[in-house]
Amino acid sequence: MRTLMMEKDFKVVGNQLGRRPRGPLAIVKRCHRNRPKVIATSPILEDGSLFPTVFWLTCPVLVKKVAQLEGRGWIERLQALVEEDEELAQRLLEAQGNYVELRRRLTFSGKISVQRRPDLAAGRAAVLEKGVAGVKDLLKIKCLHAHYAHYLATGTNPVGELVHEKIGEDNPACGGECEVS
């Protein structure tokens, strides 16, 4: 499900993140309570800064669960697995290629133009070649949150799929962390 963000969604995502979202394009996935779970963001923000992540995991419960995995060394474990398993590495390269292509196809906000800001041209070209979480080496794992968000959004990221299997659910019970006050 891809829907444009309405003002109430901005408020919910702002509450989830603890700040107003930067560069949001759409809600890509909602939870069982119809709250934003994954959003898509622009690679170039309104102020011209570059943003390395297309899919952003916003569900606070899932963010905590993935952070716990990272804290227990799962980035390194999954990186080692990618280095050992050729099939997994190939699947990751395919997912990363699709991610790079999606980043290229995204419609930018239009508020920042490379013609008006030639200083962005090199940075824009560079960010459009990077994979999940802004990695240049497409077999490198930098952030499990970004891989998991990519998996939830597209179903194609094998690292995100492994995170999903480890977490065991993508619609956890929450204690109202997404409520807007």
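A. Spatial organisation of the packing of aromatic side chains. Summed over the entire model, instances satisfying the criterion amount to 1 aromatic pair. Considering the side-chain rings of Phe55 and Tyr99, the 6.1 Å spacing of their centres and the 65° angle between planes classify their relative orientation as edge-to-face. Of this pair, Phe55 sits in strand β3 (residues 55-57) while Tyr99 is found in helix α4 (residues 86-105), placing the two residues 44 residues apart along the sequence. The same class applies to Phe55 as to Tyr99, namely buried. Seen from the ring of Trp74, Arg77 lies directly overhead, with NZ or CZ sitting 4.6 Å from the centre.

B. The layout of surface pockets, seen in detail. If you add up the space inside the largest pocket, you get close to 200 Å³. Around the largest pocket sit Leu17, Pro52, Thr53, Phe55, Trp56, Leu57, Val63, Ala133, Lys142, Cys143, His145 and Ala146, which together line it. Taken together, the elements giving at least two residues each to the lining of the largest pocket come down to β3 and α6 (144-154). Broken down by element, the lining of the largest pocket gets its largest block of residues, 3 residues, from β3. The class makeup of the residues in the lining of the largest pocket is 9 nonpolar, 2 polar and 1 charged.

C. Fine view of the sheet that holds strand β1 (residues 24-30). Strand order across the open sheet formed by 3 strands is β1-β2-β3, with antiparallel pairing between neighbours. Here the strands that pair on one side only, and so sit at the sheet edges, are β1 and β3. Between one strand axis and the next, the sheet turns by 30° as a mean value, whatever way the strands run. The pairing of β1 with strand β2 (residues 36-41) spans 5 bridges and is classified as antiparallel. Of the residues in β2, the one forming a bridge with Pro24 is Thr41.

D. The nonpolar core, seen in detail. Formed by 34 residues in total, the largest nonpolar core has its most connected members in Val38, Phe55, Leu57, Leu144, Tyr148 and Val163. Of all the secondary structure elements, the ones that give two or more residues to this core are β2, β3, α2 (60-71), α3 (74-84), α4, α6 and α7 (158-167). If we ignore the near neighbours within four places in the chain, the residues touching Leu57 are Lys37, Val38, Leu62, Val63, Val66, His145, Tyr148, Ala149 and Leu152.

E. The arrangement of the pattern of salt bridges in detail. The full count for this structure, using the stated rule, is 2 salt bridges. Measuring nitrogen to oxygen at the nearest pair gives 3.3 Å for the salt bridge that ties Asp9 to Arg30. On the criterion of sequence distance, the pair formed by Asp9 in helix α1 (residues 7-17) and Arg30 in strand β1 is long-range, its members being 21 residues apart. Judged by its relative accessible area of 3%, Asp9 is buried.

F. Highlighting α2. The end-to-end C-alpha distance of α2 is 16 Å, a good match for the 16 Å that 12 residues give at a rise of 1.5 Å each. Taken residue by residue, α2 has Pro60, Val61, Leu62, Val66 and Leu69 as its buried positions. The inward-facing, buried residues of α2 abut α1, β2, β3, α3, α6 and α7. Note on α2: the residue one or two positions beyond its end, Gly73, has a positive phi of about 85°.

Cut-offs and rules
- Residues numbered from 1 in each chain as written.
- Predicted model: local features only at pLDDT ≥ 70, side-chain atom pairs only at ≥ 80, totals over all residues.
- Heavy atoms only, no water.
- Phe/Tyr/Trp six-rings, centres within 6.5 Å; stacked < 30°, edge-to-face > 60°.
- Helix = DSSP H or I, 4+ residues; strand = E, 2+ residues; numbered from the N terminus.
- Buried < 20%, exposed > 50% of the residue type's maximum accessible area, 1.4 Å probe, protein only.
- Lys NZ or Arg CZ within 6 Å of the ring centre and 35° of its normal.
- 1 Å grid on protein atoms, 1.4 Å probe; cavity = no way out; pocket = protein on both sides within 12 Å on 5 of 7 lines; lining within 4 Å.
- Points joined across faces, edges and corners; volume = space filled by probe spheres on them.
- Nonpolar A, V, L, I, M, F, W, Y, C, P; charged D, E, K, R; others polar.
- Pairing = 2+ DSSP bridges.
- Axes fitted to C-alpha atoms, helices over the stretch in contact; angles between N-to-C directions.
- Core = buried A, V, L, I, M, F, W, Y, C linked by side-chain atoms within 4.5 Å.
- Contact = heavy atoms within 4.5 Å.
- Salt bridge = Lys/Arg side-chain N within 4 Å of Asp/Glu carboxyl O.
- Expected span 1.5 Å × (residues − 1).

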